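One letter stands for each residue in the lines below.
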Amino acid sequence: MSTSSLILFNKPYGVQSQFRNDSNNDHTTLSDYFTDKSLRVAGRLDATSEGLLILTDDGRVNKAITHPPKANAGRKQGKTYLVQVEGVPTTEQLDMLRRGVILKDGKTLPSDIKHISEETLPMPLWPRNPPIRERKSVPDSWLMLTIYEGKNRQVRRMTAHVGLPCLRLIRWSVAGFELGDLAVGEFVRIHLNNERCQQLGLTT
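Every value quoted in this text rests on a predicted model; they were computed, and no experiment measured them. (Residues numbered from 1 in each chain as written. Predicted model: local features only at pLDDT ≥ 70, side-chain atom pairs only at ≥ 80, totals over all residues. Heavy atoms only, no water.)

Enquirer: Quick question: what am I supposed to make of unusual backbone geometry here?
Expert: A negative phi angle characterises most non-glycine residues, just as the trans form characterises most peptide bonds. In this structure, the amide linkage connecting asparagine 129 to the following residue, proline 130, adopts the cis form with an omega of 5 degrees. Here proline 130 lies in the loop between strand 7 (112-116) and strand 8 (140-147). The backbone phi angle of arginine 153 is positive, close to 50 degrees, even though this residue is not glycine. As for its placement among the helices and strands, arginine 153 is situated in the loop between strand 8 and helix 3 (154-161). Overall, the relative accessible area of 38% leaves arginine 153 in the partly exposed class. The phi angle at alanine 175 is positive, at roughly 50 degrees, despite the residue not being glycine. (Helix = DSSP H or I, 4+ residues; strand = E, 2+ residues; numbered from the N terminus. Buried < 20%, exposed > 50% of the residue type's maximum accessible area, 1.4 Å probe, protein only.)

As structure tokens, this is what we get:
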């Protein structure tokens, strides 16, 4: 395939993962950051979620990320999130998330999860605007959670289901592409070499 590229964008809180403002309100959209209207989002993020958003003008790349081809079935293209939750997770709660929980739209696939400290987050944490709600009587914790599917608001519903309400949600990686040290609101363009194309299941 011809040389393709994609954009890694650190989406701020409150920004909609679309170019049009369908709700006729003051919400910020991708049009505030990008002028190229040929770009399409490969895996949306809710306005209240932050972190890695991938955009591309190549339909094959978009499809390979959002619907991995059969040739790539052996390489699970997971999405990893840094999740700040209310409370301190127990081993039982982590095991429930790891095995999969039953939501209204079915049971989630097994996931990878670990309890981490704020000091061991894989990137510097930026202040959120507005800040999260805090209760002095209830501690909060960070989880690193990788899922292999895309149910609506899945991570928030999973943690709430086991008694760990989500306070902040940051997507760290998608299909092997990581947020890295991108500052909030910044983006970088990556050109896909042969190895990257093969990882996505694309022929070169």
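Enquirer: Got a minute to help me understand the pairing of strand 9 (residues 166-174) in this structure?
Expert: Regular strands have side chains that alternate between both faces of the sheet. The buried count for strand 9 comes to nine of nine residues, which makes it a mostly enclosed element. Bridge count for strand 4 (residues 79-86) against strand 9 is seven bridges, and the pairing is antiparallel. Note on strand 9: the bridge partner recorded for threonine 80 is serine 173. By the bridge criterion, two bridges tie strand 9 to strand 10 (residues 177-178) in an arrangement that is antiparallel. Residue pairing for strand 10: serine 173 is matched across the bridge by glutamate 178. (Pairing = 2+ DSSP bridges.)

Enquirer: So what exactly am I meant to see when it comes to the nonpolar core here?
Expert: Considering soluble globular proteins, one finds that nonpolar side chains tend to be buried as a cluster. In this structure, Leu30, Phe34, Leu55 and Val83 are the most contacted members of the largest nonpolar core, which totals 28 residues. Among residues more than four places away in sequence, those in contact with valine 83 are Ser141, Trp142, Leu143, Leu145, Val155, Thr159, Cys166, Arg168 and Leu169. If you look at the next biggest cluster of nonpolar residues, it comprises 26 residues, including Trp142, Trp172, Val174 and Leu182. (Core = buried A, V, L, I, M, F, W, Y, C linked by side-chain atoms within 4.5 Å. Contact = heavy atoms within 4.5 Å.)

Enquirer: Quick question: what am I supposed to make of helix 1 (residues 59-66) here?
Expert: Because each turn of an α-helix spans 3.6 residues, side chains separated by three or four positions end up pointing in the same direction. Looking only at helix 1, the buried set comprises Val61, Asn62, Ala64 and Ile65. Down the axis of helix 1, the buried side of the element spans an arc of 165 degrees, and every buried residue falls inside it. Exposed residues pointing more than 90 degrees away from the buried face of helix 1 are listed as Gly59 and Lys63. Where the residues of helix 1 are buried, they touch strand 1 (5-11), strand 2 (40-41), strand 3 (50-56) and strand 9. (Arc of directions from axis to C-beta.)

Enquirer: Could you clarify how one ought to interpret the pattern of salt bridges in this entry?
Expert: When the charged atoms of two side chains with opposite charge come close together, those side chains can pair. Taken as a whole and assessed by the stated rule, the structure comprises six salt bridges. Arginine 133 is the salt-bridge partner of glutamate 86, the closest N and O atoms lying 3.9 Å from each other. You can see glutamate 86 sitting in strand 4 and its partner arginine 133 sitting in the loop between strand 7 and strand 8, a full 47 residues away along the chain. Relative accessible area serves as the criterion here: at 12%, glutamate 86 is assigned to the buried category. (Salt bridge = Lys/Arg side-chain N within 4 Å of Asp/Glu carboxyl O.)

Interpretation in functional terms is not warranted from these geometric data alone.
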